[in-house]
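# Working through the structure, step by step
Listed here are the chains, written in short residue letters.
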Protein chains: 2
Amino acid sequence: MKTLLKNGKVVNVFTDSLEFTNVLLEDDRIIGVGTYCDEDADEVVDLGGRYLCPGFIDGHIHIESTMLTPAELARACVSHGTTSIVADPHEITNVCGTLGIEYMLEASEGIPMNVYMMLPSCVPATPLDEAGAVLKAEDLKPFYQHPRVLGLGEMMNYTGVIHKDPQVLEKIKDARSEGHLVNGHAPLLTGKMLDQYIGAGITDDHECTDVKEAMERIRKGQRVMIRQGTAARNLEALLPLFEEPWSRRCLLVTDDRHPADILEEGHIDHIIRMAVSAGKSVFTGIRMATIQAAEYFGLKAVGAVAPGYTADLLVLEDLDRVKVRDVYRAGKQVVSQGKIISFEEPMVRPDVQKAVRNSFYVDELTAGEFHINPEEDSCRVIRLIKNQLLTDEWITELDFGRNNGVDIERDILKLAVIERHLHTGHKGIGFINGVGLQKGAIASSVSHDSHNLIVIGTNEPDMALAANRIREIGGGNVVVSEGRILAEMSLPVAGLMSEQSARELAKQNLAVRKAVQELGAREGIEPFMNMAFLSLPVIPSLKMTTRGLVDVEKQCFVSLFVQR
Amino acid sequence: MKTLLKNGKVVNVFTDSLEFTNVLLEDDRIIGVGTYCDEDADEVVDLGGRYLCPGFIDGHIHIESTMLTPAELARACVSHGTTSIVADPHEITNVCGTLGIEYMLEASEGIPMNVYMMLPSCVPATPLDEAGAVLKAEDLKPFYQHPRVLGLGEMMNYTGVIHKDPQVLEKIKDARSEGHLVNGHAPLLTGKMLDQYIGAGITDDHECTDVKEAMERIRKGQRVMIRQGTAARNLEALLPLFEEPWSRRCLLVTDDRHPADILEEGHIDHIIRMAVSAGKSVFTGIRMATIQAAEYFGLKAVGAVAPGYTADLLVLEDLDRVKVRDVYRAGKQVVSQGKIISFEEPMVRPDVQKAVRNSFYVDELTAGEFHINPEEDSCRVIRLIKNQLLTDEWITELDFGRNNGVDIERDILKLAVIERHLHTGHKGIGFINGVGLQKGAIASSVSHDSHNLIVIGTNEPDMALAANRIREIGGGNVVVSEGRILAEMSLPVAGLMSEQSARELAKQNLAVRKAVQELGAREGIEPFMNMAFLSLPVIPSLKMTTRGLVDVEKQCFVSLFVQR
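Residues numbered from 1 in each chain as written. Chains lettered and ligands numbered in written order. Predicted model: local features only at pLDDT ≥ 70, side-chain atom pairs only at ≥ 80, totals over all residues. Heavy atoms only, no water.

## Quick notes on the overall build of chain A
When helices and strands are counted, chain A shows 17 helices and 28 strands. Taken over C-alpha atoms, the radius of gyration comes to 24 Å for chain A, in line with the 24 Å a tight globule of 564 residues would show. Seen through its principal axes, chain A has C-alpha atoms that stretch 85 × 50 × 45 Å. Scored against the burial criterion, the 564 residues of chain A give a buried share of 64%. (Helix = DSSP H or I, 4+ residues; strand = E, 2+ residues; numbered from the N terminus. Rg over C-alpha atoms; globule rule 2.2 N^0.38 Å. Buried < 20%, exposed > 50% of the residue type's maximum accessible area, 1.4 Å probe, protein only.)

Dropping the structure here:
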């Protein structure tokens, strides 16, 4: 079946220019660009002078961070022109082990977006944490045979790389000996340490927050992935990279992006649009988002409008504003006038489906289980810092006789992290300052990177209610107060993702955020966002895990109580 | 073992710039670029402000065309900065079949130059020809497992590609399904035919002779290999490609280059030097010859001075003149002050060695075997065209009663092509105009692409003598006259290569050329060069094969005699 797309202004990513010409497709491929005519094709589409551009590639994304399944993410993203993503299923793998990778591969099969995978390199993120699985090199190895697996995901364990941890080096070796890539993640690493990290075979980074950092990486051979997500927004700082010689070593990525932002601002199109608004060339942005990403990842037939390439194509109404009208994926129209065309849900094998939908291995909790038996009056309290994921340690005296240490006047609430993967019964309980809740409790199954059950509350019964509700709905975010559920968003897939649409999810997310604001959350604090990082013992300085408080700098457990 | 190369002006191919800095090596790898000091290393080399540049890559070369073995080619090339070549052993494979590929792989193992291989795609070049082997897709397939095999060599059979010849498509499919490349060779192909050719998965071309042709290929996604060989010298015409956006899609290659040219002018260094002389940026040239070639061929750790890269490094005295002083290959110094450091000869297995050294399966020839029995007086004579490889057909009457048709006054000599691979006894005999010999005969085992034994002469006894001498020495070029051998160059490896040094070979080649000039060769004709293409029935219009004359346009055999 041959299709002629005629009268297009074709974006040529090899020459950064437009060609007013026709494009001939045969089934899923582009077979010609030039003076083809109606007679050459079975079907003719008149582009009416609109722009024809290769589909965009998001070079680094965690699907779980969108809280959408791959199919729902496609429904939200493809109409923004993203026809390929390179996903690291790090979060679901922390919950479900390799079954999480299998779920992601199966749940992304046949959707109108190419979903390539990088295998999660750091599960768990640290031995201080308790994830649903411990993934060794040999667990990852079989997945390299999958045609959509392109390498090893972001290597956060930079100390492991630098100190030549044999397990870490084995994972890198396996990826590279298959001809695959290893993604980097080493914020602020510089100089000789950076040389060691890069020298191990880690060829990109998406954590650059300033242009000097990015330029050092490019000089040393890495690709820089310019990230514009929901929390991390690095585009503005990295705009100088849109000039030569830097631009040819860059890709565009979202990393972590919430559904509301995708719906309201866009995806990769949004990044290009912002760069153009800042005075950069649209051709540079498109090149970063297409051929440069494809060639970096070794995708030989993706990222250009040229003979032999897969027909992943965007019809744009406006080039500089990157206004996507129609989208073709492998020659098949999947978006028409901005609307996604319905497609069949991917089939996930029942055992895989069952595994990701039953990710809570924890008994029902009672209020009493959130009670702390005081050993000393003086305690280590985690203190939130406005607009940051960093925390401080605050040592203060608590009155355990009154509400078991909770002190709403001084904004000291209770915090609990409950192991939910292996039914160990482990739980860490302590105190947190800076959230601002005046009453009630909140709970979530999204708590990086192990995604245990995390609860913050003003009282024990509400904490138990919130935690049990999360358990009941198989994961999500819940806000409760005085024995009532005020708002909830359910994330039943591994406790991380919903099967609802982006729009529905964004609505629920808004309701949850509103409810928690009404309980008194402080300005500059997003309770669920902040809570999601409270149990990640790699971000300084005091964090709570399933086995108690962790001093992040020292990388060891510390007692809640401080002897005077 | 750590080596510090300090006080260098390091050529950064990612940023097209110089960095005055130090480079730290560990064994074969670069492990750091920056403020490393003497204490960091076991050995310190002071570059004294000289330039440090990644080694050059020749993206397309036929080793056989240099007439040197891989080791001797390394001895000639590495001191010019070429540390990697991508070779297509098309010629030796036409003689020895897959044993030719094995020879090339073994004879290039461990030499101080990386020799990557592209598997010959067209053996024989055409079914009209008689090569030493017929290579099918299944014969090539096992070689893709070899770590130095990077793909399928130049696909000359463009009609096979366009008409979807199943054998041709299978070869392309095999290469690509292994993640490998397919080199192109489609001079002058344009428009829709070019789309079909590229669309089949052929991603480069080295046959562009003008910039318009090259730019069409780049627009359509191909890499253009800018060639500067001995016969084909395309650099001047393609100089505009050294500018953006074109330059980032180009490589530098030599294709076919004689030892004298390598010795006198250089290799890839010569191409960069010429481009700089023409006003182009040295950084652009170096980039084409290093990182761009490496990334195109999927060589992940080659082509840059950066952590993790193999330490293939050049110390240059002068950047713009690309004056190479020292060369490091995988961290080991292999050239010192312009002189190659001696290295061990590679080991070639005895059966492989025997196969390539016994490539003549033809009985001793008598003068009588060069006699033609006339059927008509009117004959088709091949007519050489000055400074071209093209030939014309000239129909004229010959006097067979006098010297069996040879007519020195009208410059009509006898030409014979004798099958030498399979002992078939096939031979084609006819006439040639334009060579100019007044007496004697010349013979060679280099006759593209099948490399049968080819002889041109003024008389039958000298033709037999020349042919038998070639047979005796196992291949080469010979000039005889009046029963005496005037000059010879022996090429005992498959009848194509010598084991002598480039210098020795260049000297012999000069002697042979001189001898043939003395026999009366015309101006604008290089008898051995022209003779080498007289039996290639893909270059128009009349050629001689082992089975007689071929009308190239019609692709069929034609009779020597023309009925009046």
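## Things to note about the side chain of His448 of chain A
Residue position: His448 of chain A is located in the loop between β22 (441–444) and β23 (453–457). With residues near it in sequence (within four places) discarded, His448 of chain A still touches Glu91, Ala532, Phe533, Ser535 and Leu536 of chain A. (Contact = heavy atoms within 4.5 Å.)

## Quick word on the environment of Phe557 of chain A
Residues and elements named next belong to chain A. Take Phe557: it is sitting in strand β28 (residues 556–557). The exposure class of Phe557 is partly exposed, given its relative accessible area of 36%. Along the primary structure Phe557 and Arg547 are separated by ten residues, whereas in three dimensions their C-alpha atoms are 7.9 Å apart. Discounting chain neighbours no more than four positions away, the residues touching Phe557 are Leu128, Thr545, Arg547, Gly548, Leu549 and Val550.

## Some details on the sheet that holds β28 of chain A
Residues and elements named next belong to chain A. Ordered by their spatial adjacency, three strands build an open sheet running β26-β27-β28, and the pairing between neighbours is antiparallel. Every other strand in the sheet has two partners, leaving β26 (542–545) and β28 as the edge strands with one partner each. With two bridges connecting them, strand β27 (residues 548–551) and β28 associate as antiparallel partners. What sits directly across from Asp551, in β28, is Cys556. (Pairing = 2+ DSSP bridges.)

## Some remarks on the relation of the copies chain B and chain A
Mapping between the two chain copies consists of a rotation about an axis together with a translation along that axis. Once chain B is rotated about the relating axis by 180° and shifted along it by 0.0 Å, it coincides with chain A to within an RMSD of 0.1 Å. In the structure described here, the two chain copies are related by an operation that fits a two-fold rotation axis. In terms of proximity to the rotation axis, the leading residue of chain B is Gly298 of chain B, whose C-alpha is 4.0 Å off the axis. A share of 100% of interface residues in chain B that are also interface residues in chain A marks the association as one of identical surfaces. (Least-squares fit on C-alpha atoms with pLDDT ≥ 70 in both.)

## A closer look at the sheet that holds strand β12 (residues 223–227) of chain B
Working definition: the strands of a sheet are paired by backbone hydrogen bonds and lie parallel or antiparallel to each other. All names here are of chain B. The strand order across the open sheet formed by three strands is β11-β12-β13, and the pairing between neighbours is parallel. Here the strands that pair on one side only, and so sit at the sheet edges, are β11 (204–205) and β13 (250–253). Across two bridges, the pairing between β11 and β12 is parallel. Residue Asp204 lies in a different strand from β12, and its bridge partner there is Arg223.

## Points about the environment of Ala175 of chain A
Residues and elements named next belong to chain A. On the secondary structure map, Ala175 appears in helix α6 (residues 166–177). Along the sequence, Ala175 and Leu68 sit 107 residues apart, while their C-alpha atoms lie 28 Å from each other. Apart from the residues lying within four places of it in its own chain, the contact partners of Ala175 are Tyr144, Leu152, His180, Leu181 and Val182.

## Comments concerning the interface of chain B and chain A
The interface is formed by 35 residues belonging to chain B together with 35 residues belonging to chain A. Taken together, both faces of the contact between chain B and chain A bury some 2,900 Å²; the carbon and sulfur share is 49%. Broken down residue by residue, the surface that chain B buries against chain A is led by Phe14, Arg248 and Lys300 of chain B, which jointly contribute 21%. Counting across the chain B and chain A interface gives ten salt bridges. Salt-bridge contacts for Arg219 of chain A lead to Glu19 of chain B; the nearest nitrogen and oxygen are separated by 3.8 Å. (Buried area = accessible area lost by both parts, 1.4 Å probe. Salt bridge = Lys/Arg side-chain N within 4 Å of Asp/Glu carboxyl O.)

## Topic: the pattern of salt bridges
This model, assessed by the stated rule, comprises 82 salt bridges over all chains. Residue Arg513 of chain B is joined to Glu526 of chain B by a salt bridge in which the shortest nitrogen-to-oxygen separation is 2.6 Å. Remark: Glu526 of chain B occurs in the loop between α16 (502–518) and α17 (527–532) and Arg513 of chain B occurs in helix α16; sequence separation between them is 13 residues. The exposure class assigned to Glu526 of chain B is partly exposed, which follows from its relative accessible area of 29%. A cluster of three or more residues bridged by salt bridges with shared partners is formed by Asp16, Glu244, Arg248 and Arg287 of chain A together with Asp16, Glu244, Arg248 and Arg287 of chain B.

## A word on the confidence of the model for chain A
Across chain A, the average pLDDT comes to 96, with 100% of residues at 70 or higher. The ipTM assigned to the predicted complex is 0.94, against a pTM of 0.95. (pLDDT = per-residue confidence, 0-100.)

## Concerning the packing of helix α11 (residues 268–277) of chain A against helix α12 (residues 282–289) of chain A
Residues and elements named next belong to chain A. Where α11 contacts α12, the axes come no closer than 9 Å and their chain directions differ by 150°. Comparing the axis directions of α11 and α12 gives the class roughly antiparallel. Read as a crossing pair, α11 and α12 show a hand that is right-handed. Along the contact surface, α11 presents Ile268, Ile272 and Val276, while α12 presents Val282, Gly285, Ile286 and Ala289. (Axes fitted to C-alpha atoms, helices over the stretch in contact; angles between N-to-C directions. Parallel < 35°, antiparallel > 145°, perpendicular 65-115°, else oblique. Left-handed = near helix turned anticlockwise from the far one by under 90°.)

## Let's talk about the packing of aromatic side chains
The full count for this structure, using the stated rule, is eight aromatic pairs over all chains. In textbook terms, an aromatic cluster arises when at least three aromatic residues are bridged by ring pairs, as seen for Phe400, Phe431 and Phe561 of chain A. One cation-aromatic arrangement involves Lys9 of chain B over Tyr51 of chain B; the distance from NZ or CZ to the ring centre is 4.7 Å. Positioned above the aromatic ring of Tyr36 of chain A is the side chain of Lys192 of chain B, whose terminal nitrogen or guanidinium carbon lies 4.9 Å from the ring centre. (Phe/Tyr/Trp six-rings, centres within 6.5 Å; stacked < 30°, edge-to-face > 60°. Lys NZ or Arg CZ within 6 Å of the ring centre and 35° of its normal.)

## A look at helix α1 (residues 70–77) of chain B
Residue and element names in this part refer to chain B. Extensive coverage of α1 is indicated by the burial of seven of its eight residues. Of all the residues in α1, the buried ones are Pro70, Ala71, Glu72, Leu73, Ala74, Ala76 and Cys77. Turning to α1, the residues buried within the fold contact β6 (56–61), β7 (82–87), α3 (98–106), α10 (259–264), β17 (339–340) and α16.

## Comments concerning the pairing of strand β2 (residues 17–26) of chain A
Residues and elements named next belong to chain A. Relative to β2, strand β1 (residues 2–12) runs antiparallel, the two sharing nine bridges. Bridge assignment links Val11 to a residue of β2, and that residue is Leu18. Counted between consecutive antiparallel strands, the loop separating β1 from β2 contains four residues, among which Asp16 sits at a positive phi close to 50°. Strand direction decides the pairing type here: β2 and strand β3 (residues 29–34), joined by five bridges, are antiparallel. Note on β3: the bridge partner recorded for Leu25 is Ile30. Two successive antiparallel strands, β2 and β3, enclose a turn made up of two residues, where Asp27 displays a positive phi of approximately 55°.

## What to know about the environment of Ile162 of chain B
Looking at where Ile162 of chain B falls in the secondary structure, it is placed in helix α5 (residues 158–162). Not counting the four nearest positions on each side in its chain, Ile162 of chain B is found in contact with Leu189, Met193, Gln196 and Tyr197 of chain B.

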